[in-house]
Amino acid sequence: MALSFFGLAIFLFLNLDNDQASFSSASASSPSSSEGVEITYGSVVKFMHERTKYRLHSHEVPYGSGSGQQSITAFPGVDDSNSYWIVRGEPGIDAKQGNTIKSGTIIRLQHMRTRKWLHSHLHASPISGNLEVSCFGGDAESDTGDYWRLFIEGSGKTWKQDQRIRLQHVDTGGYLHSHDKKYQRIAGGQQEVCGVREKRADNVWLAAEGVYLPVIETK
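Numbering of residues starts from 1 in each chain and follows the order in which that chain's sequence is written. Totals for whole chains, interfaces and linings use all residues, but because this is a predicted model, local features are given only for residues with pLDDT of at least 70 and pairs of side-chain atoms are given and counted only at 80 or more. Neither water nor hydrogens contribute to the side-chain values; these are computed over all heavy atoms in the structure.

## Points about the overall build of the protein
Helices and strands together make up the secondary structure of the protein, namely one helix and 13 strands. The order of helices and strands in the protein, counted from the N terminus, is α-β-β-β-β-β-β-β-β-β-β-β-β-β. Across the 219 residues in the protein, those meeting the buried criterion constitute 50%. At a minimum sequence separation of 6, the contacts of the protein that also span at least 24 residues come to 69%. For the protein, the computed accessible surface area is about 10,000 Å², with 50% contributed by carbon and sulfur atoms. Secondary structure follows DSSP: runs of H or I at least 4 residues long count as helices, runs of E at least 2 residues long count as strands, and numbering of each begins at the N terminus. Note on classification: 1.4 Å probe, protein chains only; a residue is buried when its accessible area is under 20% of the maximum for its type, exposed when over 50%, partly exposed between these limits. For this analysis, residues touch if any pair of their heavy atoms sits within 4.5 Å. Per-residue and other accessible areas were derived by the Shrake-Rupley procedure at a 1.4 Å probe size, with only the shown protein chains allowed to occlude residues.

## Observations regarding the pattern of salt bridges
Here a salt bridge means any side-chain nitrogen of Lys or Arg lying within 4 Å of a carboxyl oxygen belonging to Asp or Glu. Applying the stated criterion across every chain yields a total of seven salt bridges. The residue Arg164 makes a salt bridge to Glu50 at a minimum N-O spacing of 2.7 Å. Taken as a pair, Arg164 in the loop between β9 (148–152) and β10 (165–169) and Glu50 in the loop between β2 (44–49) and β3 (55–62) lie far apart in primary sequence, 114 residues in all. For Glu153, the salt bridge goes to Arg166, with nearest N and O atoms at 2.7 Å. Here Glu153, found in the loop between β9 and β10, pairs with Arg166, found in strand β10; they are 13 residues apart in sequence, far enough to count as distant. Take Arg166: its relative accessible area is 7%, and that puts it in the buried class. Linked by salt bridges that have partners in common, Arg51, Asp180 and Asp202 make up one network.

## Some details on the side chain of Gln69
Position of Gln69 among the secondary structure elements: in the loop between β3 and β4 (70–75). Residue contacts for Gln69: discarding those within four places in its chain leaves Val61, Pro62, Tyr63, His119, His121, Ser134, Cys135 and Phe136.

## Here's the deal with the environment of Asn130
Along the chain, the position of Asn130 falls in the loop between β7 (117–124) and β8 (131–136). Taking the relative accessible area as the measure of exposure, Asn130 reaches 25% and is therefore partly exposed. The contact partners of Asn130, leaving out residues within four places of it in the chain, are His123, Ala124, Ser125, Cys194, Gly195 and Val196.

## Digging into the packing of aromatic side chains
The description of two aromatic rings rests on the distance between their centres and on the angle between their planes. Between 30 and 60 degrees the pair is tilted, below 30 it is stacked and above 60 it is edge-to-face, where a pair is any two Phe, Tyr or Trp rings, Trp via its six-membered ring, whose centres lie within 6.5 Å. Taken as a whole, this structure holds one aromatic pair when the rule is applied. Taken together, a centroid distance of 6.0 Å and an interplanar angle of 25° make the contact between Phe47 and Trp159 stacked. On the criterion of sequence distance, the pair formed by Phe47 in strand β2 and Trp159 in the loop between β9 and β10 is long-range, its members being 112 residues apart. Overall, Phe47 belongs to the buried group, its relative accessible area being 1%. Cation over ring: Arg108 sits above Trp117, and NZ or CZ is 4.1 Å from the ring centre. Charge-over-ring placement is defined geometrically: NZ (Lys) or CZ (Arg) within 6 Å of the ring centre, and within 35 degrees of the ring normal.

## Some remarks on the nonpolar core
If you look at the biggest cluster of nonpolar residues, it comprises 29 residues, and the most contacted ones within it are Phe47, Leu56, Ile72, Leu118, Trp159 and Leu176. When residues of this core are traced back to their parent elements, those giving at least two are β2, β4, β5 (85–89), β6 (106–111), β8, β9, β10 and β13 (205–212). In this view, Leu176 contacts Leu56, Leu118, Val133, Trp148, Leu167, Val193, Cys194, Asp202, Asn203 and Trp205; residues no more than four positions away in its chain are not counted. As used in this record, nonpolar core signifies buried Ala, Val, Leu, Ile, Met, Phe, Trp, Tyr and Cys residues forming a set joined through side-chain atoms within 4.5 Å.

## A look at the confidence of the model for the protein
Confidence of the predictor at the level of single residues is captured by pLDDT, which takes values from 0 to 100. Within the protein, residue pLDDT values average 86, and 82% of them lie at 70 or more. Low confidence marks residues 16–34, where pLDDT is under 50. Its contacts with residues over four positions away, or in another chain, come to 41 contacts.

## Considerations on the environment of Lys53
Structurally, the position occupied by Lys53 is in the loop between β2 and β3. Taking relative accessible area as the criterion, Lys53 reaches 42% and is therefore assigned partly exposed. Sequence separation of Lys53 and Gly77 is 24 residues, and the distance between their C-alpha atoms is 9.2 Å.

## As for the pairing of β2
Counting buried positions over the six residues of β2 gives six, a clear majority of the element. Neither face of β2 is left uncovered, since the one carrying Val44, Lys46 and Met48 and the one carrying Val45, Phe47 and His49 both have all their residues buried. Pairing between two strands is assigned when DSSP locates at least 2 bridges connecting them. When β2 meets β5, the two strands line up antiparallel, connected through two bridges. Residue pairing across strands places Val45 opposite Trp85, the latter belonging to β5. Note that β2 and β13 share five bridges and pair antiparallel.

Laid out in structure tokens, this is it:
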């Protein structure tokens, strides 16, 4: 069953850091109702592949080849809690919950359900043979394979919900990518997600449904 926004809010209250004092004003929003909402550290977001409209997705199913780590797909449905990702900062960087995120910043995306990180490396992806993208690690286990540099397409300087973005993997240079090629043995017609080193139309994403923590001004 999909996680409701109310359930998601309860999860956030129990799991986000205690310094997020203004949690109660976080907005459970959708693209149609919250254009221009700032995306801040600690927000919980679904990422929509611009061309196919599928959501970035993971579940506790390992790849049958390559690294054997937890698989990443693009999922056609909107109402699935396995498509929620928590926006985190690079370790050692002052990235407090509620702070805005500039284009060019390194971020990490933590899968809300399994607590693992969006990850990539030099293993080949199962269908296309591009760079494999997986979920790996945990709350206390993260490395540079979890680092993604955010690039805003267009003139925006800080990340907002209605902006087209690319995520480039720091270690490999691959852009987070999806396409029409689907897994035959996974239910629901899920697409492959992989990394490619060239800028293409198929590596553009947008922040979609989620709980967006309000901006806290830095002093």
